[in-house]
Amino acid sequence: MAEIGLLKFLHVLCLVYWLGADLAVFYSSYFVADDKLSAETRASMSKLLFVLDLGPRICMPLMLGSGVHLAWRLGLLNMPTFAVLAAWLVCVGWVAMVLAVHAGGAGAKALTVIEYWFRVAVVAAIGAYSIYALAADLTASWLAYKLLVYAGLVACGLMIRRRLRHFGPALSALLEDRVTEGDNRTIRHSLAGTRPYALAIWAGLLVNTALGLHLI
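Parameters at a glance
- Residues numbered from 1 in each chain as written.
- Predicted model: local features only at pLDDT ≥ 70, side-chain atom pairs only at ≥ 80, totals over all residues.
- Heavy atoms only, no water.
- Salt bridge = Lys/Arg side-chain N within 4 Å of Asp/Glu carboxyl O.
- Buried < 20%, exposed > 50% of the residue type's maximum accessible area, 1.4 Å probe, protein only.
- Phe/Tyr/Trp six-rings, centres within 6.5 Å; stacked < 30°, edge-to-face > 60°.
- Helix = DSSP H or I, 4+ residues; strand = E, 2+ residues; numbered from the N terminus.
- Lys NZ or Arg CZ within 6 Å of the ring centre and 35° of its normal.
- Axes fitted to C-alpha atoms, helices over the stretch in contact; angles between N-to-C directions.
- Parallel < 35°, antiparallel > 145°, perpendicular 65-115°, else oblique.
- Left-handed = near helix turned anticlockwise from the far one by under 90°.
- Contact = heavy atoms within 4.5 Å.
- Nonpolar A, V, L, I, M, F, W, Y, C, P; charged D, E, K, R; others polar.
- Expected span 1.5 Å × (residues − 1).

Asks: Sorry, what's going on with the pattern of salt bridges here?
Replies: Side chains that differ in charge, positive against negative, can pair when their charged atoms come close. Under the criterion given, the structure shown has seven salt bridges. With a closest N to O distance of 3.2 Å, aspartate 53 and arginine 57 form a salt bridge. For aspartate 53, a relative accessible area of 25% translates into the label partly exposed. The class for arginine 57 is buried, based on a relative accessible area of 14%. Note that arginine 178 and glutamate 176 form a salt bridge whose closest N and O atoms lie 2.6 Å from each other. Sharing partners across several salt bridges, the network here consists of Asp35, Glu181 and Arg188.

Laid out in structure tokens, this is it:
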């Protein structure tokens with residue numbers, strides 16, 4: 001059916017763009033952290049990193065919405081139609097929050113906190129459902145594992161955000177060309193702290209791809 005084909009297309013597109021943009025962000029972070037480069041070069045790379053990072057943050061909710069819808073259409077998730085619509089509303093609302101935070105402006109700081117705790121709720125809800133689904137045999141085990149890994153991906157994103165909690169002021173100093181050695185150290189340590197979680201996200205995406213293709 002066309003609907004299933006479109007859902008598969010969106011789901012795979014989110015995977016490809018999430019992984020590809022994450023690789024670009026990871027590579028760009030080394031230039032931002034390199035204090036041997038000029039402040040202008042580092043500032044330009046930080047702006048590029050900020051733009052590139054928007055892609056994975058949009059793909060994360062869209063992957064969930066398309067995945068739930070696809071699993072429902074394939075008969076893998078036993079849920080009423082209104083629940084699928086509710087899942088999409090949640091995911092669209094999540095995307096809207098991401099775009100609003102990215103745009104900045106009044107209220108962006110408060111919305112960042114709301115979006116953070118929303119992600120915590122997503123991790124808790126999906127993680128709990130996945131474990132229950134495995135224990136109660138509610139759906140195919142590979143799908144339950146995919147959901148569990150997805151919860152782990154969102155959790156890794158939260159850990160990256162925590163590692164970057166001191167990054168903002170140091171980056172502002174860089175952008176305003178008043179960066180100090182202390183700011184450079186904060187930038188280096190903050191970005192270095194995110195990399196293990198970025199690698200875990202890549203591994204999780206590859207595991208979920210293998211699960212979806214029934215390779216494992």
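Past the structure itself, the notes keep going.
Asks: Please explain the packing of aromatic side chains as it appears in this structure.
Replies: The description of an aromatic ring pair uses the distance of the two centres, along with the angle that the planes make with each other. Applying the stated criterion to the full structure yields five aromatic pairs. Aromatic pair tryptophan 94 and phenylalanine 118: ring centres 5.3 Å apart, planes at 70°, arrangement edge-to-face. Taken as a pair, tryptophan 94 in helix α4 (residues 81-103) and phenylalanine 118 in helix α5 (residues 108-136) lie far apart in primary sequence, 24 residues in all. The class for tryptophan 94 is buried, based on a relative accessible area of 0%. Arranged with centres 5.3 Å apart and planes meeting at 85°, the rings of tyrosine 116 and tryptophan 117 form a pair that is edge-to-face. Tryptophan 117 sits in the exposed class, given a relative accessible area of 55%. Among the aromatic residues, those joined into a ring-pair cluster are Phe26, Tyr30 and Trp202. Positioned over the ring face of tyrosine 30 is arginine 195, at 3.8 Å from the centre of the ring.

Asks: Can you help me understand the packing of helix α1 (residues 2-33) against helix α3 (residues 54-73) in this one?
Replies: If you want to describe how two helices pack, look at the angle between their axes and the distance between the axes. Two numbers describe how α1 lies on α3: the axes approach to 8 Å, and their chain directions differ by 150°. Judged by the inter-axis angle, α1 sits roughly antiparallel to α3. Seen from above, α1 lies across α3 with left-handed handedness. Along its contact with α1, which presents Glu3, Ile4, Leu7, Lys8, Leu10, His11, Cys14, Leu15, Tyr17, Trp18, Ala21 and Asp22, the element α3 presents Gly55, Pro56, Cys59, Met60, Leu62, Met63, Ser66, Gly67, His69, Leu70 and Arg73. By residue class, the composition of the contact of α1 with α3 is 14 nonpolar, five polar and four charged.

Asks: Explain α4 here, please?
Replies: Helical periodicity: at 3.6 residues per turn, an α-helix aligns residues three or four positions apart in one direction. In this model α4 runs 33 Å from its N-terminal to its C-terminal C-alpha over 23 residues, within 8% of the 33 Å that 1.5 Å per residue would give. Along α4, the residues classified as buried are Ala83, Val84, Ala87, Trp88, Cys91, Trp94, Val95, Met97, Val98 and Val101. Taken together, the buried residues of α4 touch α1, α3, α5 and α6 (141-163).

Asks: Would you take a moment to explain unusual backbone geometry for this structure?
Replies: A negative phi holds for most residues other than glycine; trans holds for most peptide bonds. The phi dihedral of aspartate 137 falls on the positive side, at around 55°, and the residue is not glycine. Within the secondary structure layout, aspartate 137 lies in the loop between α5 and α6. With relative accessibility at 64%, the residue aspartate 137 sits in the exposed group. Of note in this structure, histidine 214 is not a glycine but carries a positive phi near 60°. Of note, histidine 214 is situated in the segment after α8 (181-212).

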